[in-house]
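Coordinate inspection notes
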Amino acid sequence: MEIPQEKKKLIIGSALELINCHGFHGCPMSQVAKNAGVAAGTIYTYFENKEDMIYAIHDEVMDQIYEHVALKDDPLRPFEERFFTFWDNLLRFYEQNRAVQSFIDQFASSPFNSDDFQSKSKKWFSWTSEFFKSGIEEGAIKDMNPVILKILVNESANSLAKVKKNYAKKLSKNHIDLSPIPYMIWDGIKAVN
């Protein structure tokens with residue numbers, strides 16, 4: 001008997017919403033079920049326990065980022081153009097998916113993100129490493145560890161999305177333009193000719 005994936009996605013969405021509002025500890029399985037409109041036991045059809053659910057959510061959101069960013073990349077274009085497309089798509093994803101952004105932030109600083117954790121969803125991590133390696137090989141960006149490049153760019157886009165969300169009125173009132181930020185990041189990583 002096949003389990004409907006729509007119900008699993010509904011449960012994950014419910015959990016993301018609750019985690020966004022109340023954190024991991026304020027998200028009991030019973031509340032996730034209630035919020036999703038499913039019986040409490042239904043969750044255990046998909047997940048062994050809360051830890052399993054959180055890891056599954058992590059894999060799901062990493063797949064979402066991959067689909068939103070990596071699948072829109074055109075490796076035939078010059079790397080500088082690809083970089084700005086990457087940046088725009090990643091920033092837009094974070095702006096449109098606040099609960100996912102909150103989950104990623106909480107996950108990164110939680111005990112769930114241990115040395116023992118091995119994500120089942122490796123597409124995003126592998127793709128970003130290859131993305132930055134291609135920029136190095138093209139001579140467009142500095143020859144740095146792709147992991148460092150990935151952290152720098154991803155965290156900058158993540159932080160910018162949070163600043164825009166939390167301080168939009170203050171930024172507008174003070175006429176602060178954030179549009180130069182991706183260009184500043186680019187200037188920091190581009191190869192010096």
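Residues numbered from 1 in each chain as written. Predicted model: local features only at pLDDT ≥ 70, side-chain atom pairs only at ≥ 80, totals over all residues. Heavy atoms only, no water.

So, about the pattern of salt bridges. This model, assessed by the stated rule, comprises eight salt bridges. For Glu60, the salt bridge identified is with Lys9, shortest N-O distance 3.1 Å. With Glu60 in helix α4 (residues 50–69) and Lys9 in helix α1 (residues 5–22), this residue pair connects regions lying 51 residues apart in the sequence. On the accessibility criterion, Glu60 (19% relative accessible area) is buried. Measuring nitrogen to oxygen at the nearest pair gives 3.5 Å for the salt bridge that ties Lys133 to Glu130. With Lys133 and Glu130 both in helix α7 (residues 123–137) and three residues apart, this pair spans about one turn of that helix. Here Glu130 falls in the partly exposed class, since its relative accessible area comes to 47%. (Salt bridge = Lys/Arg side-chain N within 4 Å of Asp/Glu carboxyl O. Helix = DSSP H or I, 4+ residues; strand = E, 2+ residues; numbered from the N terminus. Buried < 20%, exposed > 50% of the residue type's maximum accessible area, 1.4 Å probe, protein only.)

Now for the layout of surface pockets. Counted as a void, the largest pocket has a volume near 420 Å³. Taken together, 19 residues make up the lining of the largest pocket; nearest its centre are Met62, Ile104, Phe125, Asn154 and Glu155. Among the secondary structure elements, those contributing two or more residues to the lining of the largest pocket are α4, α5 (79–96), α6 (98–108), α7 and α8 (146–173). For the lining of the largest pocket, the element with the most residues is α8, which contributes five residues. (1 Å grid on protein atoms, 1.4 Å probe; cavity = no way out; pocket = protein on both sides within 12 Å on 5 of 7 lines; lining within 4 Å. Points joined across faces, edges and corners; volume = space filled by probe spheres on them.)

Right, let's get into α8. Compared with an ideal rise of 1.5 Å per residue, which puts 28 residues at 40 Å, α8 spans 38 Å between its outermost C-alpha atoms and is within 8% of the ideal. Of all the bends in α8, the greatest, near 85 degrees, is centred on Tyr167. Turning to α8, the residues buried within the fold contact α5, α6, α7 and α9 (181–189). N-cap assignment for α8: the residue whose side-chain oxygen lies 2.8 Å from the backbone N of Val147 is Asn145. Following α8 by one or two positions, His175 adopts a phi angle in the positive range, close to 55 degrees. (Expected span 1.5 Å × (residues − 1). Bend = angle between axes of the 7 residues up to and from the residue. Contact = heavy atoms within 4.5 Å. Polar contact = N/O pair within 3.5 Å; in protein donor to acceptor, adjacent residues only side chain to side chain.)

With that settled, consider the nonpolar core. In terms of nonpolar packing, the biggest core is built from 59 residues, with Ile11, Ile57, Ile65, Phe83, Phe86, Phe103 and Trp124 touching the most fellow members. A total of ten residues in this core trace back to one element, the largest contributor, which is α4. Residues in contact with Ile11, not counting those within four places in the same chain, are Val32, Ala36, Val38, Thr42, Ile43, Tyr46, Phe47 and Met53. (Core = buried A, V, L, I, M, F, W, Y, C linked by side-chain atoms within 4.5 Å.)

With that settled, consider the side chain of Asp59. One can find Asp59 in helix α4. When near neighbours in sequence (up to four residues on either side) are disregarded, Asp59 contacts Phe117, Ser119, Lys120 and Ser121.

Okay, α7 next. The terminal C-alpha atoms of α7, which comprises 15 residues, lie 21 Å apart, in line with the 21 Å expected from a rise of 1.5 Å per residue. Within α7, the full set of buried residues consists of Trp124, Trp127, Thr128, Ser129, Phe131, Phe132, Gly135 and Ile136. On its buried face, α7 is in contact with α4, α5 and α8. Looking at the residues trailing α7, positive phi occurs at Gly139, about 80 degrees.

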